[in-house]
Amino acid sequence: MVIGVALTAASTAPSAAAIDTSGAAIRRAITHVQGADSPQCRYREPQGQLYGVQTVSMTAQRKRALIRAGATSRHIAIAMLENEKMDTSYPLYDNKSGDAANFGVFKQNWGVIRSTSPRYRGLKATDYARGRELNSNVSLDVTVLKQSIQRYGLTRWMAAHRCGATGLTNPNLRAVKQYMGAVDILTEKIAASDRQFGPNDYRNLKRSNKRFWINVPAV
């Protein structure tokens, strides 16, 4: 999979407390990652270019819709992980079924959704079609994401999002660390742009069709 966020030409040096977002930091975050591995969620080294910039039409509008629904900089970075258009035009259920089926802009899996959101609590893996409503309701999509992160905590949520039940029981997997490192860097890029330009400036990464992507292979 590819992770990305909007990017403008302007940049500023990160503060002392900020996460390093340099090219060298990206390389360290996603290549030769140390840790455990699992047959159910295998770590893969990225091939080819590790990061770059592209323009993706209509993503500025989709970011604004997410922000109006209460999405944070981190939520926007997570959404960019799943598809460059930041929409739900991918195949229904992401060509998966049961707890592995994916929904919404964030492509949360049904297992995480039904175990964390009160709206779906008590449903079974076979009820996964109920998650389709997230594909057309941005506000619900953001709400369910927030509920999931609140229920598990950010680290365990990212582990479950990346590697399902396997990640939830072992958040130290290399594939999880790779994903988390990339999302942290992208989140800081968005936050730094917000600090530099303010929320209403067109150069703010949240308002741009520009996309900075990081090459994180699918598991």
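Quick note: structure is the one above.
Since we're looking at a predicted model, the values are computed, not measured. (Residues numbered from 1 in each chain as written. Predicted model: local features only at pLDDT ≥ 70, side-chain atom pairs only at ≥ 80, totals over all residues. Heavy atoms only, no water.)

How should the nonpolar core be read in this particular structure?
Across soluble globular proteins, you tend to see nonpolar side chains buried next to one another. Among the nonpolar cores identified, the biggest contains 44 residues, and Ile-30, Leu-66, Phe-106, Trp-157, Tyr-179 and Ile-214 are the most heavily contacted of them. Taken together, the elements giving at least two residues each to this core come down to helix H1 (23-30), helix H3 (73-82), helix H5 (138-152), helix H6 (154-169), helix H7 (174-197) and strand S5 (210-215). Not counting residues within four places of it along the chain, the set of residues in contact with Leu-66 comprises Ala-71, Ala-79, Met-86, Val-105, Phe-106, Val-138 and Val-142. Listed in part, the 10 residues of the second largest apolar core include Tyr-93, Ala-101, Trp-110 and Leu-123. (Core = buried A, V, L, I, M, F, W, Y, C linked by side-chain atoms within 4.5 Å. Buried < 20%, exposed > 50% of the residue type's maximum accessible area, 1.4 Å probe, protein only. Helix = DSSP H or I, 4+ residues; strand = E, 2+ residues; numbered from the N terminus. Contact = heavy atoms within 4.5 Å.)

Looking at this structure, how should I read the state of the cysteines?
By definition, a disulfide is the covalent link that joins the sulfur atoms of two cysteine residues. Tallying each qualifying case throughout the model produces 1 disulfide. One disulfide in the model links Cys-41 with Cys-163; its S-S distance is 1.8 Å. Of note, the bridge from Cys-41 to Cys-163 carries an S-S torsion of about -50° and is left-handed in sense. Of the two residues, Cys-41 is situated in the loop between H1 and strand S2 (51-55) and Cys-163 in helix H6; the sequence distance between them amounts to 122 residues. Residue Cys-41 shares its accessibility class with Cys-163, and that shared class is buried. (Disulfide = S-S within 2.5 Å.)

Looking at this structure, I do not really get the environment of Gln-147. What am I missing?
Mapped onto the elements, Gln-147 comes out in helix H5. For Gln-147, a relative accessible area of 24% puts it in the partly exposed group. Sequence-wise, Gln-147 and Thr-126 are 21 residues apart; in three dimensions their C-alpha atoms are separated by 21 Å. Sequence-distant contacts of Gln-147, defined by excluding residues within four places in its chain, comprise Thr-116, Ser-117 and Pro-118. There is a polar contact of 2.7 Å between the side chain of Gln-147 and the side chain of Ser-117. (Polar contact = N/O pair within 3.5 Å; in protein donor to acceptor, adjacent residues only side chain to side chain.)

Help me understand the side chain of Asp-201 in this model?
If you trace the backbone, Asp-201 turns up in the loop between H7 and S5. A distance of 2.8 Å separates a polar side-chain atom of Asp-201 from the backbone nitrogen of Arg-203.

It is not clear to me how unusual backbone geometry should be interpreted in this structure. Could you clarify?
Within the chain, Tyr-93 stands out as a residue other than glycine whose phi angle is a positive 65°. Looking at where Tyr-93 falls in the secondary structure, it is placed in the loop between H3 and strand S3 (102-103). Residue Tyr-93 is classed as buried on the basis of its relative accessible area, which comes to 13%. The phi angle at Asn-95 is positive, at roughly 60°, despite the residue not being glycine. Within the fold, Asn-95 resides in the loop between H3 and S3. The class for Asn-95 is exposed, based on a relative accessible area of 65%.

This is a description of form; function is not addressed.
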